[in-house]
Amino acid sequence: MDQLLLNQGFPLLSTLIFLPLAGSLLLFVVRDPHFARYWTLAVTSIVALLSLTLLPKFDRDTAAFQFAEHHPWIESLNITYVIGVDGISILLILLTTLIMPFCVLASWTYIKDRVPAFMICMLIMETAMIGVFVALDFVLFYILWEAMLIPMYFLIGIWGGPRKIYASIKFFLYTLAGSILLLVAIIWLYTANGYSFFIPDMMWKDYPFTAQILLFIAFFLAFAIKVPMFPFHTWLPAAHVEAPTAGSVILASILLKMGTYGFLRFALPITPEATTTLMPYVLWLSIAGIIYGGLTALAQQDMKKLIAYSSVGHMGFVTLGIFVLNIDGIEGAILQMINHGITTGALFLCVGMIYERTHSRELSSATGIGQYMPVFVTLIGIFSLSSLAFPGTNSFVGEFMILAGAFRHDVPLALAAIPGAVLAAAYMLRMLQKIIWGGTNNPDQSWLTDLNSREIITLAPFLFFVFWIGLGPQPFLAMMHSSVVNLLDQFHGYQQAITAAGMY
Amino acid sequence: MAQNVSYLGMIPLLPLIGAAVVGILHLATCKKKRLPDQLYAVLACSTPILTFVLAVKVFFDLNGLPVDGRALTHEVFTWFEVGEMNISMGFLADPLSSLMLLFVTFTASLIHIYSIGYMAGDESFAKFFAYLNLFLGSMLILVLGNGPVVMFVGWEGVGLCSYLLISYYSEDRSNVLAGNKAFIVNRIGDFGFVLGMAFLFWAIGDSGFDYISLKTNAHMLAPATVTLVCLLLFVGATGKSAQIPLYVWLPDAMAGPTPVSALIHAATMVTAGVYMVARFSFLYVHVPTVGLIVAWTGILTALVSAIYGMFQNDIKKVLAYSTVSQLGYMFAGVGLAAYSAGIFHVFTHAFFKALLFLGAGSVIYALHHEQNIWKMGGLKTKLPLTYKTMLIGSLALAGCPPFSGFFSKDEILYSALASGHTGIWVVGVLVAGMTAYYTFRMIFVVFHGSPRDAHAYEHAHEPPAVMTVPLVILAIGALFAGFLNLPSLFGGSQQVTHWLAPSLAEHAHEASHSIEIIAIAASVAAFAIGIFIAYRKFGKGAEEPVYSGFSSFAYHTFRINELYDVLFVRPYKAIGSAIGNLIDAHVTDGPVQLIVWFYRQFGSTFKLLQVGYVRVYAIYMIIGLSVMSYLLTQSFK
């Protein structure tokens, strides 16, 4: 277990995981909506502040799992409660904990009935999401992975739009079906590793080639549906459209990242040989997603759908970066995961703010609101620019690194990805143009009020990070650097070992 | 060696701060009590003036350095660094960028001041100035960036501001669409820029991606890579600088307020493509074939847009096509490796074209937003100052000696002739004649003859001093700027060419004075013929012509917009809507729906057995028990 740097003293990670869950218990008893809002905001804020204390103690020079905790759990099956953080997961955890209080703020007036139940779902969701990013035992991981579906199912199914039942069931069944094979893979790995579920021990082993291919396919199905990669994305627009704002934000900013996180954490280290073999297919599927997502977004009338399809394109860039398997690509991909979380999260918040006023997500009903809501359109304008990777904003750095990595890997591949950038400009501008200026027959919406201070506070941190990562991404890259270098060293070392073994 | 000076970072930063301050003040107060416009005017105009002062300082600092060491740099911070890749946010002032810096800040200051008058009383006065400051900041990043990536930041920034300002009068939907068109056409060009940059990075980016390192390492590039990079970068240039085939956005961009047309769509932003080619002269000089493509694209653009310019009715459209046409000349210059001639034309063009647009702005202002030249006429008595300054600008544009445009245009044409590209020279001279024709067609129709709209004429009056003083200053520039690069034929010493020499990879064309005299004589003759025909047709008043046949075809700009619409816009939209509305829901999601359907069928088959009658379930029970007991007896045998 030399991959773990055991936590000394206060069990910070466990606190982060279980504090929201514990906080939710009180809401089962106290059913006052107003209290529920303040209480959840307090709990998520404390978790956010606590998670920030990880930063000063986080060692950037090691690829090992830090703040690790290790306790026996179900000893007869050798299942342990083992958690830890490395450079790949730390930013994702911080993204999760920091975004949650703003999701609560965004639901402040948006959710009007069954508020305590809503907040309980949010808190359970947070526990499961943090857990997924820190779990180092495969059973623990799988339980939390599936556990996320339940609160999300309720978030969409109870507080969603008109077609909420269809959307929630499709979301639930589609993603659940994807993970079934993951369970089979876990059990196979369990038996192949001397009946242990400890994930770091499963990495870089010389599993037979066929087994690796099968494992990779199992991983791929589970993660590609979550990302979602084209053509496994059809659950996403439905879920996004129907989900309440907070649900959309969590879905876009965090849940989608679990798929790409899964690729980095499991597919690459556990099945390196299969990854090398199947890499070209995944790369071209990513390209297909970038173009397909962009073209589809171009034709949408529903703003949430438009952003949902743009996510398909953006996440295509992330998988592209991961599977070019060089440092520019992977670091760009991780950064882009964070960027997409910030930018798309903010865009969904913005659409939610329009929806609260006009009760419509149709572009046609939001035309020309720029003249009534100047602050709002300034903000949504900046987030849209970030979404189309405008230089100076966060996504530019990420996309630039991914494209540089893609170029290093294969020139035609990189060329094929670039039309996606033109498409991104086209569909985001189409939306912006309608919102800001509209046309000659704009509906008279002079009764619209501009953002209030709660809403501005909700969006301000997103704005801050758009420019911070856009202009000074170095601190973020430094945190992931050791882990990514280690991942790539191990990966290429493994390849060399395979080639060397093949020669005898 | 390059000197590090920290004030370089302040130059782009100042207008950006100005934009932020004005913008935030506007957002915070626009719904409540509005702050006085004068406050915004002072705030917004102070930043370009300050940057101009700094630009002058840059010039003198550079001048104090030895010729081969004329470079000031400042690295503000490391932008991002991964593995071998290291991109820094840094600035470089060398002779080329310092010249750009001088005229950009100079014209920007004047146009900011002019806008105080032109935009007075506008509902979102502050917003306009915030955008204008944001534009200037981006333009300065573009000019001063120390490498292609920083240049790209400015490149996209100016594109954004152009987009926002074209759509400024958003009540009219066509203005908004013009803004969109500008942004998307520019994005297509940027596609080339990004690719060129990516190839360059891929080839030699790991050993430094700023101009100085790139210049040092350029010899490591394979010839094919240089060709490819130069071609792709030129695609980017055709977008931003409105050349064939991407020029279509610029005439539409005239939808923006006139000061914007003067600053962004005439003097500064649209010349960014020429600047880029000159910046990468160390690559272009090695691929004369690409240079020839650049030159021919330029001169053909000049020809086509001059034809359009002869048949336009909107005063701003005439000037817009003349801008496209003049940009074509500049590309002809840099394409033939006469980089300093191209840049010198950028420089003089900034004065006389900004002047002409601002003059047109005064006319439009005086006539309460009338832009059709056939509604004007006889205005020289009503707007004498505007008339005189515009006349100077027109003489410069038409290439009348000794106005500035004559020297810079002549230098390009002379280089074409001296380097043996007679074809380009002939077209160039032809275009010069056409330029003189359409420019003076405009002058005669607008200012001479008798008024066509008596009512508008009666109410026309000279604009306030805040607008006329910039006109006068620019007119002085348009008149004298040419003397800065006086060729030896006229006893000059070509200061601008010598100043630019350290930045450009140019070899001077050695040619005899006799060729120079031929070039000048041809240009002057073309000018004289053009102006003569214009005088014959329009000098003593003329009625609005009815366009038919070729002239109607030219008036509709050869129906290029319609062609693009059919070829690109519609197919793109159709594919998008086919995927979005049909394929995604029915094809991509098909397998999923098939599985769902299968399960449903499976379930409903079994549903048939669930009839809900106790007697039926009793029969099931009996059947089940019988089967069980049969199996049990079998197993005990």
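Residues numbered from 1 in each chain as written. Chains lettered and ligands numbered in written order. Predicted model: local features only at pLDDT ≥ 70, side-chain atom pairs only at ≥ 80, totals over all residues. Heavy atoms only, no water.

### Here we look at the overall build of chain B
Here comes step 1: The helix and strand tally for chain B stands at 26 helices and three strands.
Here comes step 2: With the C-alpha coordinates aligned to their principal axes, the bounding extent of chain B is approximately 125 × 65 × 55 Å.
Here comes step 3: The buried share of chain B, reckoned over its 637 residues, is 59%.
Here comes step 4: Within chain B, residue pairs in contact and separated by at least 24 positions form 81% of the contacts whose partners lie at least 6 positions apart.
Here comes step 5: By element, 69% of the accessible surface of chain B is carried by carbon and sulfur atoms, the whole surface being about 24700 Å².
Here comes step 6: Side chains of chain B carry 33 positive and 32 negative charges; the gap between the two charge centres is 11 Å. (Helix = DSSP H or I, 4+ residues; strand = E, 2+ residues; numbered from the N terminus. Buried < 20%, exposed > 50% of the residue type's maximum accessible area, 1.4 Å probe, protein only. Contact = heavy atoms within 4.5 Å. Areas by Shrake-Rupley, 256 points an atom, 1.4 Å probe, with all protein chains shown as cover. Lys, Arg positive; Asp, Glu negative; His and termini not counted. Charge placed at Lys NZ, Arg CZ, Asp CG, Glu CD.)

### Some thoughts on the packing of aromatic side chains
Here comes step 1: Applying the stated rule across the entire model yields 76 aromatic pairs over all chains.
Here comes step 2: A ring pair is formed by A:Phe464 and A:Trp468, whose centres lie 5.7 Å apart and whose planes are at 50°; its orientation type is tilted. Within this pair, A:Phe464 and its partner A:Trp468 are both found in helix α20 (residues 453–471), separated by four residues, close to a single helical turn.
Here comes step 3: Owing to a relative accessible area of 52%, A:Phe464 belongs among the exposed residues under this scheme.
Here comes step 4: Both rings, one in B:Tyr168 and one in B:Tyr169, keep their centres 5.5 Å apart while their planes meet at 70°; by these two values the pair is edge-to-face.
Here comes step 5: For B:Tyr169, a relative accessible area of 24% gives the class partly exposed. (Phe/Tyr/Trp six-rings, centres within 6.5 Å; stacked < 30°, edge-to-face > 60°.)

### Digging into the UniProt feature "domain: NADH:quinone oxidoreductase/Mrp antiporter transmembrane" (unreviewed entry) in chain B
Here comes step 1: In the numbering adopted here, UniProt assigns the feature "domain: NADH:quinone oxidoreductase/Mrp antiporter transmembrane" (unreviewed entry) to residues 150–435 of chain B.
Here comes step 2: Annotation note: span residues 150–435 of chain B, helix share 75%, strand share 0%, distance between end C-alpha atoms 36 Å. (UniProt positions renumbered as here; feature names shortened; annotations may be inferred.)

### Things to note about the nonpolar core
Here comes step 1: With 437 residues, the main nonpolar core has A:Phe138 and A:Phe376 as its most contacted residues.
Here comes step 2: Here this core takes 18 residues from helix α15 (residues 339–366) of chain B, the largest share from any one element.
Here comes step 3: Among residues more than four places away in sequence, those in contact with A:Phe138 are A:Ile186, A:Leu189, A:Phe197, A:Ile199, A:Met202, A:Phe219, A:Phe266 and A:Ile270.
Here comes step 4: If you look at the next biggest cluster of nonpolar residues, it comprises six residues, including A:Leu4, A:Phe65, A:Ala68 and A:Val82. (Core = buried A, V, L, I, M, F, W, Y, C linked by side-chain atoms within 4.5 Å.)

### Side note on the pattern of salt bridges
All names here are of chain B.
Here comes step 1: Tallied over the full model, the rule gives nine salt bridges over all chains.
Here comes step 2: Close ionic contact of Asp252 with Lys181 constitutes a salt bridge, the shortest N to O distance being 2.9 Å. With Asp252 in helix α9 (residues 249–252) and Lys181 in helix α6 (residues 173–204), this residue pair connects regions lying 71 residues apart in the sequence.
Here comes step 3: Among the residues examined, Asp252 registers a relative accessible area of 25% and is labelled partly exposed. (Salt bridge = Lys/Arg side-chain N within 4 Å of Asp/Glu carboxyl O.)

### As for the interface of chain A and chain B
Here comes step 1: The partner chain B presents 52 residues to the 56 residues of chain A that form the contact.
Here comes step 2: Across the chain A to chain B interface the summed buried area is about 4600 Å²; carbon plus sulfur atoms make up 72%.
Here comes step 3: Per-residue buried area on chain A facing chain B is highest for A:Phe400, A:Leu429 and A:Trp437; these three make up 15% of the total on that side.
Here comes step 4: Inspection of the region where chain A meets chain B yields one salt bridge.
Here comes step 5: At the boundary of chain A and chain B, one finds five residue pairs in polar contact (both at pLDDT 80 or more).
Here comes step 6: Of the residues contributing to the side of chain A that touches chain B, the split by class is 40 nonpolar, 12 polar and four charged. (Buried area = accessible area lost by both parts, 1.4 Å probe. Polar contact = N/O pair within 3.5 Å; in protein donor to acceptor, adjacent residues only side chain to side chain. Nonpolar A, V, L, I, M, F, W, Y, C, P; charged D, E, K, R; others polar.)

### What about the packing of helix α17 (residues 404–418) of chain B against helix α18 (residues 422–447) of chain B?
Residues and elements named next belong to chain B.
Here comes step 1: At a minimum axis distance of 7 Å, the contact between α17 and α18 shows a crossing angle of 155°. Regarding the angle of α17 to α18, the classification is roughly antiparallel. Helix-helix and strand crossings are classified by hand; for α17 and α18 the assignment is left-handed. Two secondary-structure elements touch here, α17 through Lys409, Leu413, Ala416 and Leu417 and α18 through Thr422, Ile424, Trp425, Gly428, Val429, Ala432 and Thr435. (Axes fitted to C-alpha atoms, helices over the stretch in contact; angles between N-to-C directions. Parallel < 35°, antiparallel > 145°, perpendicular 65-115°, else oblique. Left-handed = near helix turned anticlockwise from the far one by under 90°.)

### Details of the UniProt feature "domain: NADH:ubiquinone oxidoreductase chain 4 N-terminal" (unreviewed entry) in chain A
Here comes step 1: What UniProt calls "domain: NADH:ubiquinone oxidoreductase chain 4 N-terminal" (unreviewed entry) maps, in this numbering, to residues 66–130 of chain A.
Here comes step 2: Along residues 66–130 of chain A the backbone is 51% helical and 25% strand, and the end-to-end C-alpha distance reaches 15 Å.

### Digging into the packing of α15(B) against α17(B)
Residue and element names in this part refer to chain B.
Here comes step 1: Put simply, α15 and α17 touch, their axes get as near as 9 Å, and they point 155° apart. When the axis of α15 is compared with that of α17, the two are roughly antiparallel. For the element pair α15 and α17, the recorded crossing hand is left-handed. Judged by residue contacts, Ser340, Ala341, Gly342, Phe344, His345, Thr348 and Phe352 of α15 engage Ser404, Gly405, Phe407, Ser408, Lys409, Glu411, Ile412 and Ser415 from α17.

### Things to note about the confidence of the model for chain B
Here comes step 1: Here chain B shows a mean pLDDT of 87. Residues at 70 or above account for 99%.
Here comes step 2: With a pTM of 0.89, the predicted complex shows an ipTM of 0.85. (pLDDT = per-residue confidence, 0-100.)

### Quick word on unusual backbone geometry
Comment: phi is negative for the bulk of residues other than glycine, and the bulk of peptide bonds are trans.
Here comes step 1: Residue A:Val227 is joined to A:Pro228 through a cis peptide bond whose omega torsion reads -15°.
Here comes step 2: With respect to the helices, strands and loops of the structure, A:Pro228 is situated in the loop between α10 (209–226) and α11 (235–242).
Here comes step 3: The step from B:Ile244 to B:Pro245 runs through a cis peptide bond, and the omega angle for that step is 5°.
Here comes step 4: Here B:Pro245 is to be found in the loop between α8 (223–240) and α9.
Here comes step 5: Of note, A:Arg114 is a non-glycine position whose phi angle comes to about 50°, a positive value.
Here comes step 6: Structurally, the position occupied by A:Arg114 is in the loop between α4 (90–106) and α5 (115–134).
Here comes step 7: With relative accessibility at 54%, the residue A:Arg114 sits in the exposed group.
Here comes step 8: Unusually for a residue other than glycine, A:Leu325 sits at a positive phi of about 55°.
Here comes step 9: Along the chain, A:Leu325 falls in the loop between α14 (303–323) and α15 (327–358).

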